[in-house]
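Analysis of the macromolecular model
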2 protein chains.
Amino acid sequence: MPKAIFIVCDGMGDLPDPKFGGKTPLQAAKKPNMDKLAAEGICGLLHSVGGGRVPGSDTSHLAIFGYPPDRYYTGRGTFEALGAGLKLEHGDVAFRCNFATVGKGMKLIDRRAGRISSSEAKELAKLFDGMVIGGVKVIFKATVEHRAALVLRGKGLSWKVSDADPHDAVGVPVLTVRPLDGSPEARKTADVLNELVAKSHGLLSSHPINKERAKKGEPQANILLPRGAGVFEKVPSLKERFGIRAACVAGGALYKGVARYAGMDVLEVKGATGNANTDVMAKGKAALAALKAGYDYVFIHVKATDNFGHDGKFREKAKMIEKIDLMVGLLLKGAPKDAYIAITADHTTSCMKMRHSHEPTPFALRGPGIRVDGVKKYDELECAKGGLGHIAGIDVMPMFADLLGKAHTYGS
Amino acid sequence: MPKAIFIVCDGMGDLPDPKFGGKTPLQAAKKPNMDKLAAEGICGLLHSVGGGRVPGSDTSHLAIFGYPPDRYYTGRGTFEALGAGLKLEHGDVAFRCNFATVGKGMKLIDRRAGRISSSEAKELAKLFDGMVIGGVKVIFKATVEHRAALVLRGKGLSWKVSDADPHDAVGVPVLTVRPLDGSPEARKTADVLNELVAKSHGLLSSHPINKERAKKGEPQANILLPRGAGVFEKVPSLKERFGIRAACVAGGALYKGVARYAGMDVLEVKGATGNANTDVMAKGKAALAALKAGYDYVFIHVKATDNFGHDGKFREKAKMIEKIDLMVGLLLKGAPKDAYIAITADHTTSCMKMRHSHEPTPFALRGPGIRVDGVKKYDELECAKGGLGHIAGIDVMPMFADLLGKAHTYGS
């Protein structure tokens, strides 16, 4: 049976920038392997969450894994928690969480507590993991620097609650979590969260690590700021739905989380950081090894293209694309002859706008029996002329299922 | 008022085959008339049941006649029974049925009873037609060779039952029909079917025709194998929905059945067999005559392209396309000047994969006021460049309704 490698470069799609000759980073980059993939395959444009909508990274990945986000998405917390390696149970309400610094009147000073070290955060996390508030169990795990995952487990909880995190509004007091509907569950969840946030201020402020940081003049990690509530639902896996044995090669926790949600095995790859310094060749090799080990489908995620888009760094984004292109070359050479290889982005992240935008992303697919369409370049403009046309994210996984010989005929 | 001819060549879409210079059968065939239709018209690709899904022949035709299969489709049995000319009533549960041969322990020997002759099967059918089991009326009609249509009529029936037919699993015992949900209706229907199958073995085994076959060393038609349960629902016809008087020219029973479901008149055409030997010119003439007789829309179905795809016969498929092309020539010459003529396939049937696959099918439409798009060839690659883009099956009938001047403005 044929196999598939699906490469998703986060936010790699972009818009033509007059400062760079009206080119997009993909057009400016030298990427002979992506172009080869396009020339040997069929191309199109991907609307990951449907036409006209601005995709998030969580919703777009849900869609391209075959889970319509309108049905399955609640909040990002669930996927961050899964990505952090927490085992979730049906009904758990999960949050992303920052260690942050507040001053007098609980006013926000630094949303990232001076990017406190991962080791300090791990120590501080012990204050909260296992705590019980109003009969609700708190599960807490620090991940990278100031970032953490928070899970509330118990009866009668809801994800319909607002954030405690004021986001970019430095100087304002930490927000009181509010229920977002009239349900007693949302009320209870908000109460538990508000109590946790209040307690965190006391517990953290008196912790030796913070006393040490204060001495060194560093911002204290003296409060928890939960956000992005989501409820975990056990859903049928890709194996159950399509008979596809799937693996994930990613650095970023969110992407591992969505992959775990879909029932993929997340492979740990040394050097896969989710940053620009990530070892793309190690990721490529891990993907090839996974195919050999019996996986039908390997999802490879590269994050840094999106980061450079958010930071407005056109040149760095183009450089990152050139780095990823080496991995594509490795995959084109090393994959079995009958393997399908596809590349796309989950959304457009415009360097000019420094944010996600709605425009679709180039998609190229190579493999046996493909209707090669004559498109020679992998970019936003050339792929628009391709034989795939405009495809919806939610159609991608059924397409792979058929290519892999795993689809069921609809009707007879 | 303008009129329309809609030609659907079953499974005509295909994939490029390296054994034939990387061409598809459509690309390999000489089909000047299809190319003329494309050149004088607008082209695109059709996703009959939506992106990424592998269409069946029943679901795809439902969709292109304007009945969303997710809403209307239960199982193939209904359409086979309608195609066999049985008059169905709302709530009837219908099945496809084979005469088959079993040996000791009810183990399947030949799923087609040695392709018993149609005349023998017609005689055997009398054993079952009109039978009553547990208050449920059995309606039974033999069609071609070992094939038959079975209808159960009565209160409290359900289509949520499994097949008795083990399909390709020769050597295994005939399956016990199981209810597919917990309803008493499904339980009752399964019971009736199991009783019918058991009875059929006794009745058929002692029938003189089978004694005669045994003497001649031919496989006995000693059991009925029902499959593909569907429930019949009386739906609004194309006349009621769009004011379109529609006719069907087809050989295969299934296609006649879906056409009848949509309220089309099925024209009997001598020589329309549903096989490669079908008289395509007779079908074309019948379509032209139907337009003259006052029909607004004639659906012409040709089946054999699909059969050759399933059998992996590239050359024969291309030859069949050349045969169909002569009919297209007849229609282009003979149709009224203001008639719309469209051609497509209901799905791709890959000669390499010998099965249906998800890839869209070329669509070409000629007629007054059409935005001619410069596409010169009717095939999977060229039509991808056409002005229609990628269209969904469910949008085809509303498009015809407007072309025929029968559509209602949505809003005002």
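Before reading on, note that the structure itself is shown above.
So, here is what we can say about the structure in this document. (Residues numbered from 1 in each chain as written. Chains lettered and ligands numbered in written order. Predicted model: local features only at pLDDT ≥ 70, side-chain atom pairs only at ≥ 80, totals over all residues. Heavy atoms only, no water.)

Moving on: the relation of the copies chain A and chain B. Think of it as a corkscrew move, a rotation about one axis and a shift along it, taking one chain copy to the other. For the match of chain A to chain B, the screw axis carries a shift of 0.1 Å, the RMSD comes to 0.1 Å, and the turn is 123°. With respect to symmetry, the two chain copies, as superposed, fit the operation of a three-fold axis. (Least-squares fit on C-alpha atoms with pLDDT ≥ 70 in both.)

In a packed pair of helices, the relevant descriptors are the angle between the two axes and the axis-to-axis distance. Residues and elements named next belong to chain A. The interhelical angle for the contact between helix α2 (residues 32-39) and helix α13 (residues 314-334), taken along N-to-C directions, is 50°, at an axis separation of 7 Å. The orientation of α2 with respect to α13, classified from their angle, is oblique. Taken together, the residues of α13 that come into contact with α2 (itself represented by P32, N33, M34, K36 and L37) are I321, I324, D325, L326, V328, G329 and L332. In terms of residue class, the contact of α2 with α13 is made up of 8 nonpolar, 2 polar and 2 charged. (Axes fitted to C-alpha atoms, helices over the stretch in contact; angles between N-to-C directions. Helix = DSSP H or I, 4+ residues; strand = E, 2+ residues; numbered from the N terminus. Parallel < 35°, antiparallel > 145°, perpendicular 65-115°, else oblique. Contact = heavy atoms within 4.5 Å. Nonpolar A, V, L, I, M, F, W, Y, C, P; charged D, E, K, R; others polar.)

Next up on the list: the sheet that holds strand β16 (residues 389-392) of chain B. Residue and element names in this part refer to chain B. What the 8 strands build is an open sheet, ordered β10-β9-β11-β1-β12-β15-β2-β16; its pairing is mixed. Across the chains shown, the open sheet's two edge strands, defined by having one partner strand only, are β10 (265-266) and β16. Strand direction decides the pairing type here: strand β9 (residues 246-249) and β10, joined by 2 bridges, are parallel. Following the sheet pairing, C248 is matched in β10 by V266. Contacting β2 (42-47), β12 (340-344) and β15 (361-366), helix α2 (residues 32-39) runs over the sheet at an angle of about 65° to β15. The strands touched by helix α14 (residues 396-403) within the sheet are β1 (4-9), β2, β11 (297-302), β12, β15 and β16, with β15 carrying the most contacts at an inclination of about 5°. (Pairing = 2+ DSSP bridges.)

For the rest of this paragraph, the subject is the packing of aromatic side chains. Across all of its chains, the model carries 26 aromatic pairs over all chains by this definition. When the ring of F232(B) is compared with that of Y261(B), the centres are 6.3 Å apart and the planes differ by 80°; the resulting orientation is edge-to-face. With F232(B) in the loop between β8 (223-231) and α9 (238-242) and Y261(B) in helix α10 (residues 253-261), this residue pair connects regions lying 29 residues apart in the sequence. The residues F232(B) and Y261(B) share a single accessibility class, namely buried. By way of ring pairs, the aromatic residues Y410(A), Y67(B), Y72(B), Y73(B), F79(B), F232(B) and Y261(B) are connected into one cluster. Residue placement shows R245(B) over the ring face of Y295(B); its charged tip is 4.3 Å from the ring centre. (Phe/Tyr/Trp six-rings, centres within 6.5 Å; stacked < 30°, edge-to-face > 60°. Buried < 20%, exposed > 50% of the residue type's maximum accessible area, 1.4 Å probe, protein only. Lys NZ or Arg CZ within 6 Å of the ring centre and 35° of its normal.)

So, about the interface of chain A and chain B. Counting residues at the interface gives 21 residues for chain A, matched by 33 residues for chain B. Each partner contributes to the roughly 1900 Å² buried at the junction of chain A and chain B, and carbon and sulfur atoms together form 50% of this total. Looking at the side of chain A facing chain B, the largest losses of area belong to R371(A), Y410(A) and S412(A), adding up to 45% of the total buried there. At the junction of chain A with chain B, the criterion picks out 1 salt bridge. Note that D402(A) is salt-bridged to R355(B), the shortest N-O span being 2.6 Å. At the surface where chain A touches chain B, the tally comes to 16 residue pairs in polar contact (both at pLDDT 80 or more). A per-element tally of the side of chain A that touches chain B places helix α14 (residues 396-403) of chain A first, with 4 residues. For the side of chain A that touches chain B, the residue count by class is 9 nonpolar, 8 polar and 4 charged. (Buried area = accessible area lost by both parts, 1.4 Å probe. Salt bridge = Lys/Arg side-chain N within 4 Å of Asp/Glu carboxyl O. Polar contact = N/O pair within 3.5 Å; in protein donor to acceptor, adjacent residues only side chain to side chain.)

On to the pattern of salt bridges. All names here are of chain A. Considering all chains together, one arrives at 55 salt bridges over all chains under this definition. Here K377 and D35 are joined by a salt bridge, their closest N and O atoms 3.8 Å apart. With K377 in the loop between β15 (361-366) and β16 (389-392) and D35 in helix α2, the pair connects residues that are 342 residues apart, well separated along the chain. The class of D35 is buried, set by a relative accessible area of 11%. The shortest N-O distance in the salt bridge between K256 and E268 comes to 3.5 Å. Pair noted here: K256 is in helix α10 (residues 253-261) and E268 is in the loop between β10 (265-266) and α11 (280-292), with a separation of 12 residues, a long-range link. A relative accessible area of 12% means that K256 is categorised as buried. With relative accessibility at 59%, the residue E268 sits in the exposed group. Linked through salt bridges whose partners overlap, the residues forming this network are D10, K303 and D306.

What follows covers the pairing of strand β7 (residues 147-153) of chain B. Residue and element names in this part refer to chain B. Judged by how many residues are buried, β7 sits mostly within the fold: 6 of 7 residues are covered. Relative to β7, strand β3 (residues 93-102) runs antiparallel, the two being bridged by 6 bridges. Note on β7: the bridge partner recorded for R96 is A149. Of the pairings in the sheet, the one linking strand β6 (residues 136-142) to β7 comprises 6 bridges and is antiparallel in character. Looking at β7, one finds that V138 is bridged to L152. Taking the residues that link successive antiparallel strands as the turn, the β6-β7 hairpin has 4 residues, and the phi of E145 there is positive, at about 50°.

A separate point is the environment of Y73(B). Summarising the element assignment, Y73(B) is placed in the loop between α4 (69-72) and α5 (77-83). Each C-alpha atom of the pair Y73(B) and L224(B) lies 24 Å from the other, and the pair is 151 residues apart in sequence. Those residues in contact with Y73(B) that sit more than four places away from it in its chain are G411(A), S412(A), D58(B), T59(B), L62(B) and F79(B). Of the polar contacts made by the side chain of Y73(B), one reaches the side chain of D58(B); its length is 2.6 Å.

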